[in-house]
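Coordinates in review
For reference, the chains in residue letters:
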Amino acid sequence: MKMAAAAESPNISTGYSPQEILQEVRNFLHGANYKIQNQRQRESLAQSALILLRTLPTARHAVLEYTANMFDEAVNNYLLEMDIGHKVTDTSSQVMDSFLHDACGVLHAFIQTNSVAWAPIISSWSLELLGHISSKYAERRGVPHTGSLNELLQLWLTCVPTKLLIEVATECFAQMVSGAPENCVDALLEASVKYSPHFDWVVAHIGSAFPRTIITRVLMCGLKDYCHHGNHGDGNVDTKIPKMGSVVGILGHLASKHGHDIRDALLTLFQDSLDDASGSSKATTVPFLLQLASMSPLLLHILATDLVNKLSAVVLNKLHVQMQPWVSNYPQEFESMMTLVVHLVMQTDVGADKALEFLMYNATATKENTPEDTQLPLPDIQKMCAAVIDQILNETQTVTFRRGRMESAIELPFLGALSSKLPQLTKDLLNSQGQRCKWLQRLICYIILYRGEKFGAETLAFILSHAENNDQLAQFIYIQQNIEMGMGGVLNGCVQLVMDHLHHQKNTKKLRLLNNLFALTSWEASLDKTVIRATFKSCLERHWESLSKLLIFDDLEVSMVILKLLNYVTVPYNLSSGAALSVCGSLVALFFKVLDLQDTRAVNPMVQACKRCARLLSKRPYVQSILVRYLIEGAVECDNKHLLGGKTDLGTATSGSRDSHTSLRAENKKHGVSLTTLRSHSSVFHAGVIGQGLRARTRSHVLSKELVDRNCLYLEEMLWDCCKEHTVNVKGQGQTEGQGDSEGQGKKQTSYSLKIAPDLCRMIGTLLVEMTTPDVLYNNRFWPEEESLKMTVERDLHVCKFFNDNPVLWRILQMVAGNTLVISRCSAVLKSLTATMMHHYELSMEKSATNTPKQLETACYIVRCLGKSGLLPHPLSIVSELFPFLTPYEVYLILLAIWRYMKENPPTEDPDEVSRRVCEPRHIEVVKSIVHCNIDTLGHIYARFFQHAAESDVKPEPDSKV
């Protein structure tokens, strides 16, 4: 009927009589039945075929078949010419080319004259012929592989026969696209199914010419075929739905240049399925789209990124209601669809995070975590999303663990894509609760196991940096326990990253990170030692030196947490001298920084932490000496003096210009009557040089006596912890000193005695001398004649002033005075102090020594130090008890007696010689005489000084007064 309609077209004039047409039929049949070798006969046959194509509708099928053979032969000749490398130009080829052009011209005329009748026929014929030629010559040499679509297009479009055919097919599509697009698209799909993949270049070329129409109609045809075949029968997708592969292939070819049109068409198809209330295909649209996505990564990408954004709770609820009959009628298909969803999610790379968030949100959405006036997903949808997540995680676990056991790596696009979102997932984990938290825990562990140890270390370091409470910090323990069996060095990598954050990243919240680290180390210390796991203690030991550098930090809280961590970690056995100097200096600086705080309750635990660290460091002798030296030197530094009751003169000039109220003219008038001397300050002043005047002398803030005493006590305890040396004496039979017999005999007991190492004693004594004396002159241990004191007055005053400005030195000296080695080394200092006190009391006009309390205290300190060391024997060692009751001159006489004794018995480091020292009568004659002169006030202590003399005296009468 279509051919008849075409023949009756008034626009086509035959111009031939019936007899002439009959003759042409006979010529055509005769020539078509025999192989024609004569060139003239070939021309005649071609001419008859063209006449019949124009004039006789019933002969057009035969003519088109003959024309198809001519196209086939022409293509074969073209490929043959490519093989031999040059063009064959003969009369037969020219006749063939002329015939093909004329035939295509006739076909174009038919299409333009009556497209409704001719376009479907010619379209099917041309597409079938293109498919046949493409498939037939696909294996010929010179024809590119089907995977090289651009090369195939270039080959066939440069071939004249195929170019003519594709132009005819394109013209048919142009005429049919507005009236009957289904027919042309169906023909294209059928040819694609039959001749794929050799036909793909035709689809790509035609689709590029009509992208929107082709894409839309291809999708509609695919959906129609899916609705017809998708719910029946068994087998794979290709056998159940024949056109599905072609749909995917066509869309794949068009994706490179028309991806946006494909995306719009897919979204429009989905939206139409929601709006169409009566269409029979609405329930199968979503399964159809999912099936497309499973067959094409491109379509999967579009669905995962764009379609997921359209699936709000309202849309999901509508889909649920819409698909409910389909689910009831085809339960197996629904289960297959859910399995397909799991598979698609696991194969998703771009948009994996959106898909995951979509599932988790809809599985856990409640009124509490959603805005008001927001519709929630139905319970069935929530259960479905939760089931999908569980199945995804189970499949991921299986593949991840299998991947670790197999030599060949199994790719998981889903986990690979989420690797870049791992920080955001970890942050989400810290803020999640309930089932969502459990899902994220498992997922993060699988991502780490999939990507490697580096990702695990980064995740653990992220949790340490961002956890704000113990519940969030517990996620660290969970993840570590689940990944460290497969990644033994993950905790080491985490600690390394933490150290990098602390040292090199300014935006890191160091206090929070360190508090979290300390909380985990404290929890770790409470664990059973038999638990097999990597420990922070072993990891931090490798970074001990790097961690110790952070002790000096602007934030005191940060420094204290660092100190606690150092106390938890064992000091490295092979600690270098440079690191020892650094950590000792940092610890001392931190200690004095703590003393500057006034809240004793807060200071005490900090000081205890400093003392513990000092004890750990002091176990190494060379570190012990460094630490003690730094402590003593730090006690007399200008920045720390005021903490220990010292005096600090801030003799710095004030910055800025001269006081605006001071007149230069007024200043000059003061010196107007004075004589101007050349090169003196007066001439310079009058020349107009403006200075800042005399520098204002100010005093630093003076702490209260309670705080000073507290700080001095802490310093003494710190020094003692650094200096003391524990010795253990084990007695086989006996008892520990200071214990009664109730402990029993025959039992091993241990007694602890505290002493300072000799080398450390010498270092302390030498250090005190170096700090207090202005030079090395007169630094020997011998006490000279009294007359020589006139030569060292200035030096002695300097030493005395240094002690007055730093009273803590007396406490330090008193603390170590029990050791002869220290006091022997400090002989030069005590000598200068004694000389200064002798000068003062010899010239003092006061009636009592108590009128000069500073000097009295100094004199008492000197005697106590000498007596405690054993260098000054009894009773000279306790004469300081007499000083408050004596006059200045009497104190001078006693000090002179002490001087003479020390001159005759120089300080020594030999403890045996010190133990044999006694006072001869000539050394205490002055003391005895002074006591006798003041017997009314000193009688009650006479026996302490002269016990033997008191026993020989006659006892007084009962009513006598002593």
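All values derive from a computational prediction rather than experimental measurement. (Residues numbered from 1 in each chain as written. Predicted model: local features only at pLDDT ≥ 70, side-chain atom pairs only at ≥ 80, totals over all residues. Heavy atoms only, no water.)

Looking only at helices and strands, one finds 48 helices and 4 strands in the chain. When burial is assessed residue by residue, the chain has 48% of its 962 residues classed as buried. Counted over contacts in the chain with a minimum sequence separation of 6, partners at least 24 positions apart contribute 74%. Surface accessibility of the chain: about 49,200 Å² in total, with carbon and sulfur atoms responsible for 53%. (Helix = DSSP H or I, 4+ residues; strand = E, 2+ residues; numbered from the N terminus. Buried < 20%, exposed > 50% of the residue type's maximum accessible area, 1.4 Å probe, protein only. Contact = heavy atoms within 4.5 Å. Areas by Shrake-Rupley, 256 points an atom, 1.4 Å probe, with all protein chains shown as cover.)

Membership of the largest hydrophobic core comes to 300 residues, with the highest contact counts inside it found for W156 and F883. Considering each element in turn, this core owes the most residues, 14 residues, to helix α13 (residues 244–275). Leaving out residues up to four positions away in the same chain, F883 has contacts with A849, L856, A859, C860, V863, V891, I894 and L895. (Core = buried A, V, L, I, M, F, W, Y, C linked by side-chain atoms within 4.5 Å.)

Another aspect to go through is the packing of helix α8 (residues 160–176) against helix α10 (residues 200–209). Contact geometry of α8 with α10 gives a least axis separation of 10 Å together with a crossing angle of 45°. Taken as axis vectors, α8 and α10 run oblique relative to one another. Classified by chirality, the crossing of α10 by α8 is right-handed. For the pair α8 and α10, contact is made by T162, I166, A169, T170 and F173 and by W201, V202, H205, I206 and A209, respectively. Its residues assigned to classes, the contact of α8 with α10 comprises 7 nonpolar, 3 polar and no charged. (Axes fitted to C-alpha atoms, helices over the stretch in contact; angles between N-to-C directions. Parallel < 35°, antiparallel > 145°, perpendicular 65-115°, else oblique. Left-handed = near helix turned anticlockwise from the far one by under 90°. Nonpolar A, V, L, I, M, F, W, Y, C, P; charged D, E, K, R; others polar.)

Turning our eyes to something else, we now look at a nonpolar patch on the surface. There is a patch of nonpolar side chains on the surface, built from L777, Y778 and M791 and spanning about 350 Å² of accessible area. Summarising the element assignment, M791 is placed in the loop between α37 (758–772) and α38 (793–805). (Patch = residues over 30% accessible without salt bridge, like charges linked within 9 Å, V, L, I, M, F, W, Y side chains within 5 Å. Salt bridge = Lys/Arg side-chain N within 4 Å of Asp/Glu carboxyl O.)

Within the structure shown, the criterion is met by 14 aromatic pairs. Taken together, the aromatic side chains of F803, W810 and Y861 make up a single cluster linked through ring pairs. The ring centre of F455 lies 5.6 Å from the NZ or CZ of K454, which sits over that ring. Sitting above the plane of the Y568 ring, K537 keeps its charged end 5.8 Å from the centroid. (Phe/Tyr/Trp six-rings, centres within 6.5 Å; stacked < 30°, edge-to-face > 60°. Lys NZ or Arg CZ within 6 Å of the ring centre and 35° of its normal.)

Over its 17 residues, helix α16 (residues 313–329) extends 25 Å from the first C-alpha to the last, a length consistent with the 24 Å expected when each residue adds 1.5 Å. Along α16, the largest kink reaches about 45° and is centred on M323; proline P325 follows within four residues of it. Among all positions in α16, only A313, V315, L316, N317, L319, H320, Q322, M323, W326 and V327 are buried. (Expected span 1.5 Å × (residues − 1). Bend = angle between axes of the 7 residues up to and from the residue.)

For the structure shown, the criterion picks out 31 salt bridges. As a salt-bridge pair, D353 and K421 come within 3.9 Å of each other at their nearest N and O atoms. Of this pair, D353 sits in helix α18 (residues 352–364) while K421 is found in the loop between α20 (413–419) and α21 (422–430), placing the two residues 68 residues apart along the sequence. With a relative accessible area of 35%, K421 lands in the partly exposed category.

A few words now on the packing of α16 against helix α17 (residues 331–346). Between α16 and α17, whose axes approach to 5 Å, the crossing angle comes to 110°. As far as their axial angle goes, α17 and α16 are roughly perpendicular. Contact residues: M323, W326, V327, S328 and N329 in α16; P331, E333, F334 and M337 in α17. Its residues assigned to classes, the contact of α16 with α17 shows 6 nonpolar, 2 polar and 1 charged.

On to the environment of P211. In this fold, P211 is placed in helix α11 (residues 211–229). Residues in contact with P211, not counting those within four places in the same chain, are H258 and D261.

With that out of the way, let us pick up the environment of L547. Among the structural elements, L547 can be located in helix α28 (residues 544–548). By relative accessible area, which is 0% here, L547 ends up buried. Distance from L547 to L565, taken between C-alpha atoms, is 8.6 Å for residues 18 residues apart in sequence. Not counting residues within four places of it along the chain, the set of residues in contact with L547 comprises M499, I562, L565 and L566.

For the rest of this paragraph, the subject is the confidence of the model for the chain. Summarising the model, the chain shows a mean pLDDT of 80, and 82% of its residues fall at 70 or more. Overall, residues 726–753 carries pLDDT values under 50, and its contacts beyond four positions in sequence, including any with other chains, amount to 38 contacts. (pLDDT = per-residue confidence, 0-100.)

To continue, consider the side chain of S465. Take S465: it is sitting in helix α23 (residues 453–466). Taking the relative accessible area as the measure of exposure, S465 reaches 9% and is therefore buried. Among residues more than four places away in sequence, those in contact with S465 are H501, R512 and L513.

The amide bond that connects H874 to the next residue, P875, takes the cis arrangement and shows omega of 5°. The topology assignment puts P875 in the loop between α42 (853–869) and α43 (888–904). Residue Y778 is not a glycine yet carries a positive backbone phi of 60°. Along the chain, Y778 turns up in the loop between α37 and α38.

Position of P287 among the secondary structure elements: in helix α14 (residues 285–295). Residue P287 is classed as buried on the basis of its relative accessible area, which comes to 2%. Those residues in contact with P287, other than ones at most four positions away along the chain, are Y226, M323, W326 and M337.

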